[in-house]
Structures are given as structure tokens and as C-alpha cells.
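Here is what each chain is made of, one letter per residue.
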Number of protein chains: 2
Amino acid sequence: MDTLKKNWFTEVCEMWPGGTFSFEVKEVLHREKSKYQDILVLDTTSFGRVLVLDGIIQCTQKDEFSYQEMIAFLPLCCHKNPEKVLIVGGGDGGVAREVAKHPLVKEIVQVEIDDRVIEVSKKYLPFMAVGFESPKLKLHVGDGFEFMKNHSQEFDVIITDSSDPVGPAVSLFQENYFALMKSALKPNGIVCSQAGTFWYSMELVSNTLKICKNQFPKAAYATTSVPTYPSGQIGFVIGSLDSEVIFDNPTLSFSRQDELSMNLRYYSTDIHKAAFALPTFVKNELNL
Amino acid sequence: MDTLKKNWFTEVCEMWPGGTFSFEVKEVLHREKSKYQDILVLDTTSFGRVLVLDGIIQCTQKDEFSYQEMIAFLPLCCHKNPEKVLIVGGGDGGVAREVAKHPLVKEIVQVEIDDRVIEVSKKYLPFMAVGFESPKLKLHVGDGFEFMKNHSQEFDVIITDSSDPVGPAVSLFQENYFALMKSALKPNGIVCSQAGTFWYSMELVSNTLKICKNQFPKAAYATTSVPTYPSGQIGFVIGSLDSEVIFDNPTLSFSRQDELSMNLRYYSTDIHKAAFALPTFVKNELNL
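Residues numbered from 1 in each chain as written. Chains lettered and ligands numbered in written order. Predicted model: local features only at pLDDT ≥ 70, side-chain atom pairs only at ≥ 80, totals over all residues. Heavy atoms only, no water.

### Description of the packing of helix α6 (residues 175–184) of chain B against helix α7 (residues 202–215) of chain B
All names here are of chain B. The contact between α6 and α7 brings their axes to 9 Å, and the two run at 40 degrees. If you check the angle between α6 and α7, you find them oblique. The crossing of α6 and α7 is right-handed. Residues Glu175, Phe178, Ala179 and Lys182 of α6 form the contact with α7, whose own contacting residues are Thr208, Ile211, Cys212, Asn214 and Gln215. The residue inventory of the contact of α6 with α7, partitioned by class, reads four nonpolar, three polar and two charged. (Axes fitted to C-alpha atoms, helices over the stretch in contact; angles between N-to-C directions. Helix = DSSP H or I, 4+ residues; strand = E, 2+ residues; numbered from the N terminus. Parallel < 35°, antiparallel > 145°, perpendicular 65-115°, else oblique. Left-handed = near helix turned anticlockwise from the far one by under 90°. Contact = heavy atoms within 4.5 Å. Nonpolar A, V, L, I, M, F, W, Y, C, P; charged D, E, K, R; others polar.)

Below, the structure is given as C-alpha cells:
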């Protein structure tokens, strides 16, 4: 089960012992060690191009739209007027691509710590890096943590598109990060963070939701289907300063025509509502 | 990537080329070649006991409840009075275990073609085979196809819990099988069949739904999350003779207390409603 053996790549991570996903590789397009992480771009036989950071699959061309659309539109469509949005992480450009589609978004600020991920994505993953071309976007290379310390009450929505909490992203799952996001939000602001899978990482889901609930009057976990992530399921923790918000009843609904014109391949108003319905064992574990 | 190499089992199937799931094996509990298929039972480090037929994962102790509860309760809770239920396949006993829980079900008939799957499950997979102990159940070893030819207008609900359409289960995904189920149903009867994943088997999903629509006035596809199936997503085609049925509005709702008393770990009324919300690309492919 060695990685890159016989032209197959196998994901191995301490977070998910005893089970693993592998795919067949056509070509290794790029490999480097940046200041922060190991960056690998593969071309595969069944999943198109794949970005791997520190040995963990971040996104594949076949299914990335599910993750990107959901982490963007779930919080945006829960906010009454999401004019100014901060993206922390998201160095491949996919989240910016989706946020820029929202009709009420006027300004996007993105802070990504690793400029090499940005450059590699621009070269090898143009279907996501197209997000960097939006005239709405200002892209900063730096630490999202430090950035927010100097930007108080400035954003309507903050989306944290991070890797898992092993390595550089650990701090983005901690209480002081959520407190900092809260201080960077305007009144009624909303945050949305990648928060792991309930199948294999229930403790991560539970802890992240608990932290979010500590900081925000309203908080919830929503789920989506991404086949190339461990368990095929990943979720998001969403917190809102608006105590009147009803997460599974979006303030902005999209028609079939809207879905088409925005090239939405996963998100719809019905999918939004369904994303907050959680299996019984998850409700039990999260005390919902 | 050989199966059972270095104590890891790897699933390899022509239906899902270029990507595969593997898990670490503690012990091979049983292996035999029955008249119909290769039967393998493994004990694993992270997924408990696992049933593998012809090299394909059928169920793991960790996540089988999602599949079993959904294929049982989705059709049962769409029917006004599901007194008599036929299960075709389901030789591990898990679907019978769930169907027997439903308060309105009085009689369950199950037809499984391979008695060796039943016996192996009774010995090694008691958490599912417990379903065979229900006093509501009559278990027949035989061909579901042949069985239904002699049972006209007899059942309220028919659940087909089959393996994928390679090998012995091919016929269960064809038009004449759906026509036969229709003839075995009472008025307003409902069928529910395993129907593949939209991520990797869209043609199977599309064809099965089309066949179901040809035979039934109302038909839909519903989805659930099963991490050890390819893509982590699998779905069901549901067809009803009741043209008034609204699939995502169950006729019987369960309270939190009901979920607890029936030991439901996945299914709930909210999950039922959410299961019919499909991603935009799926709606587009299925012309929904």
C-alpha cells in the first residue's frame, strides 16, 4: 500500500486509520516542498487532476464542485446581504470562484498563507484557479489569523477553507480563531468552516461545533457528499451573529434558471435545506 | 494493489475503474465458494466485521445501519398501511431486522437465493442475522423472480436488497423484474430497490429509474451515505402504484422517542425528506 506504487496513489493519514482510498495515476504533473507543505498535482485516469497537500487529497476535478459550492453558498444564502466576504485559505481558487457567483457579493478578500499553492493551481488547476480572475477579489498572501487582528467588524461572511487539523491548519479549528472571526464580522455576520466527517472524525465535528456554539448565538453542522474525501462525506460548521437566522431556510432561493445561469452543479435551495438534516446517531452524539 | 496483500483488503470492480477503497484486515473469518458466489467474511481494524461477495463489500459492522434502515424505512414510511412486506435478497438479515421494527408491519416474506449467505451471516454476522429471528418473518431459499410469478397482488411493499448488477443480481435491474414486482403488489403498493451511486454509476441510476417510471405512476431516486461503498453514496429507486404519494412527505412520522425505541441510528423523518433532495448535476442527468 505504498503511495505511488504501480502508478496508484494511496492516501494515508493518522486521522483515518485502517481504511484508505487509492486512485490510478496517469502522470505526476508537479511535486514540490513549499515553506508550509508538500504540494503534489496528479493527473488520474478517473478523477481528472488532483491536488494533494502533505499526502492528503484536497480536491479532484471530478467532484470538487460539491465541496466548493456548499462551503460558499450555505453561509452566503443564510445571510440577508452578504456584500463583503473573507476567504481564509482556499489557495486553489475554487471557493473564490463560487463566492464570486453570488449576486449580492460585491467584494471578496482572500488570505492564503502559501503562495506556492496559488501559483501551482494557476498553472495546473485552471478550472479552480479561474476564481482568482474575479474583479471582485483582492488576494493577499499571509496568515488569516494575523490578517483578522487588523480587520475589525468588516465582513458579512467569513469562509475558512482549510486542510484538516494536522499540520499548518491546526490553529483554524481552535476557540481563539472563532473568537477572532467573530470580531472581524459586521453585525449579523456568518462564519463557515470545514469541520470534518461524522463517520470517521466525530470528535473533531463535535469539538468544532462546540467551539462555534461558544462564540455564536446560532451554530449548526451541515453535510455534503464528496466521494474522494475519507468516508465520502464532509461537513461544515456554520455560526451566525444573527440570533433570528434559520439555517435550513435560506434567505435567498434559487430557481432552476438561477442554477443554470450560475453553473451550479451541486448546490440548490433544496440541497441547502437537506444539508442540515443529520443522521440519528450524529444528532445523538452532538446533543441536537 | 492485490487483494489481501500485507493484511489489507482492496475492492476491485469493473464498475468503478481507477479508484478503490481498502481496509486493514485483522482476521479472515470465513471464505467459501457457494453455488452462486464467492463469500468472504473479514474482521477488520476499523470497520468491524465485513461481508464481501465476489470481491465487493456488501456491508461493514460500522456503517451497515445506514443502508439497511434507509432501504427499509423509505418505502415503509411512504405507504399508508405496509402490513405485508416482501424482501428479495438481503441474505445477511439486516433488512429484515429493520422491516420488523416498523409498527404497522405484520408479516414479512423473504426470498434469498443463496442459503450459504444466510448460514454464514448467522454464524459470523449476528448483528444483522438477528433479523431472521423475527416472529413476523417467513424465510424462503429460492429465486425471487420465480417466487413472485406465483404470488400475485399479495404485498404492500417489495424491497430488493441485491448486490450490484454484475453476476447473479443482473436480472434484478431489468424491466421484466419491475413488471413482475408490480404484479405481485396490492393496490397502492410500493417497491424499493438498491440502484447504485450517482457519482460513479450514473447510467445505472438513470436506467433503473427509467425502468421504474415505465412501470409505476410515481417513481423517484433517494440517496444515503455509506462510507465503505464506492463514492460513499448509494441510492434507491422507489416506485409507487399510488399516484397520490408524495415520496418526500412520509405518511408516518417518527418522534425522537420513536427513533430511540426502534434503535434507529440513521433514519429519521427529517432524513427521509432530505434523501430525495438531489444535487443539481443529478437532477440534470435524470431530467428531474
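### Notes on the UniProt feature "domain: PABS" (unreviewed entry) in chain A
Mapped onto this numbering, the UniProt entry annotates "domain: PABS" (unreviewed entry) at residues 6–241 of chain A. The distance separating the terminal C-alpha atoms of residues 6–241 of chain A is 51 Å; by composition the span is 27% helix and 36% strand. (UniProt positions renumbered as here; feature names shortened; annotations may be inferred.)

### Re the interface of chain A and chain B
Of the residues lining the interface, 46 residues belong to chain A; the matching set on chain B comes to 46 residues. Here chain A is connected to chain B by two salt bridges. In this structure, glutamate 259 of chain A and lysine 283 of chain B form a salt bridge, with 3.3 Å as the shortest nitrogen-oxygen distance. Remark: the boundary between chain A and chain B carries 24 residue pairs in polar contact (both at pLDDT 80 or more). Those elements giving two or more residues to the side of chain A that touches chain B turn out to be β1 (8–10), β2 (19–33), α1 (64–76), α8 (256–261), α9 (269–274) and α10 (280–286) of chain A. A per-element tally of the side of chain A that touches chain B places β2 of chain A first, with six residues. Residues that form the side of chain A that touches chain B fall into these classes: 20 nonpolar, 15 polar and eleven charged. Where β2 of chain A and strand β2 (residues 19–33) of chain B come together, five bridges link them in antiparallel fashion. Within β2 of chain B, the position partnered with glycine 19 of chain A by the bridge is phenylalanine 23 of chain B. (Salt bridge = Lys/Arg side-chain N within 4 Å of Asp/Glu carboxyl O. Polar contact = N/O pair within 3.5 Å; in protein donor to acceptor, adjacent residues only side chain to side chain. Pairing = 2+ DSSP bridges.)

### Some points on the pattern of salt bridges
Under the criterion given, the structure shown has 31 salt bridges over all chains. For the salt bridge of arginine 256 of chain A with glutamate 259 of chain A, the shortest nitrogen-to-oxygen distance reads 2.8 Å. Taken as a pair, arginine 256 of chain A and glutamate 259 of chain A lie in helix α8 at a separation of three residues, close to a single helical turn. In this structure, arginine 265 of chain B and glutamate 64 of chain B form a salt bridge, with 3.7 Å as the shortest nitrogen-oxygen distance. Linking arginine 265 of chain B in the loop between α8 (256–261) and α9 (269–274) with glutamate 64 of chain B in helix α1 (residues 64–76), this pair joins segments that are 201 residues apart in sequence.

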